[in-house]
Amino acid sequence: MKSRILSACALLLAACASAPSETEALVEGSSTSASLQSLPTQTLEPGVCGLFLWTRDEPRRFTLFYPSGSATAEAIVNGRQDTLTKESQGGDVLEQFMTFMRFHAEDGSPVELSLKAGELIEGGRRVPSARMISKNAEGWEIITPLAGLTACQPE
């Protein structure tokens, strides 16, 4: 019995050791590639403000970046980086942004973003609570709890 358990463990370890890492799979673009978990680092141009949102769960993943005055935002939607195009906005003013925004993904699917304003910080404002609502390929609504901040790059 012990030898069967040890053999099974050895096979599992061998399978894990031979699997490509998430980064390797994404670079190779293979059909078995893991989904993207976080946006790359973003830089604000001088005089521009940005909205930066991370997932609330651990480990936190950089999920949405939206520069003020832009018609598009970069986001992780359904495990893939997607450029979202803004369709409408409303609610209250939150620095250079509104507290409710409606976007559409590259495939035309809707993505909604709602924000709750927090305290002012030097150069911006905290966003203690936000949520992104999207739909997956099967049509299920996905609600992603987020948190983050707005920040401005001095000129």
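Residues numbered from 1 in each chain as written. Predicted model: local features only at pLDDT ≥ 70, side-chain atom pairs only at ≥ 80, totals over all residues. Heavy atoms only, no water.

For a regular strand, side-chain orientation follows a simple rule: the groups alternate between the two sheet faces. Both strand β1 (residues 49-55) and strand β9 (residues 141-152) contribute to a ladder of 7 bridges, which runs antiparallel. Looking at the pairing, Phe 52 lines up with Leu 149 of β9. The turn joining strand β8 (residues 124-135) and β9, which pair antiparallel and follow one another in sequence, is formed by 5 residues; a positive phi near 90° is taken by Gly 139. (Pairing = 2+ DSSP bridges. Helix = DSSP H or I, 4+ residues; strand = E, 2+ residues; numbered from the N terminus.)

A few words now on the packing of aromatic side chains. Under the definition given, this model contains 5 aromatic pairs. Where Phe 52 meets Phe 65, the ring centres are 5.1 Å apart and the plane angle is 45°; that geometry is what we call tilted. Here Phe 65 lies in strand β2 (residues 62-67) and Phe 52 lies in strand β1, a separation of 13 residues in the sequence. Each member of the pair Phe 52 and Phe 65 is classed as buried. Consider the rings of Tyr 66 and Phe 97, whose centres lie 5.6 Å apart with planes at 50°: the pair is tilted. Here Phe 97 lies in strand β5 (residues 97-104) and Tyr 66 lies in strand β2, a separation of 31 residues in the sequence. A relative accessible area of 2% places Tyr 66 in the buried class. According to the relative accessible area criterion, Phe 97 is buried, its value standing at 2%. Among the aromatic residues, those joined into a ring-pair cluster are Phe 52, Trp 54, Phe 62 and Phe 65. (Phe/Tyr/Trp six-rings, centres within 6.5 Å; stacked < 30°, edge-to-face > 60°. Buried < 20%, exposed > 50% of the residue type's maximum accessible area, 1.4 Å probe, protein only.)

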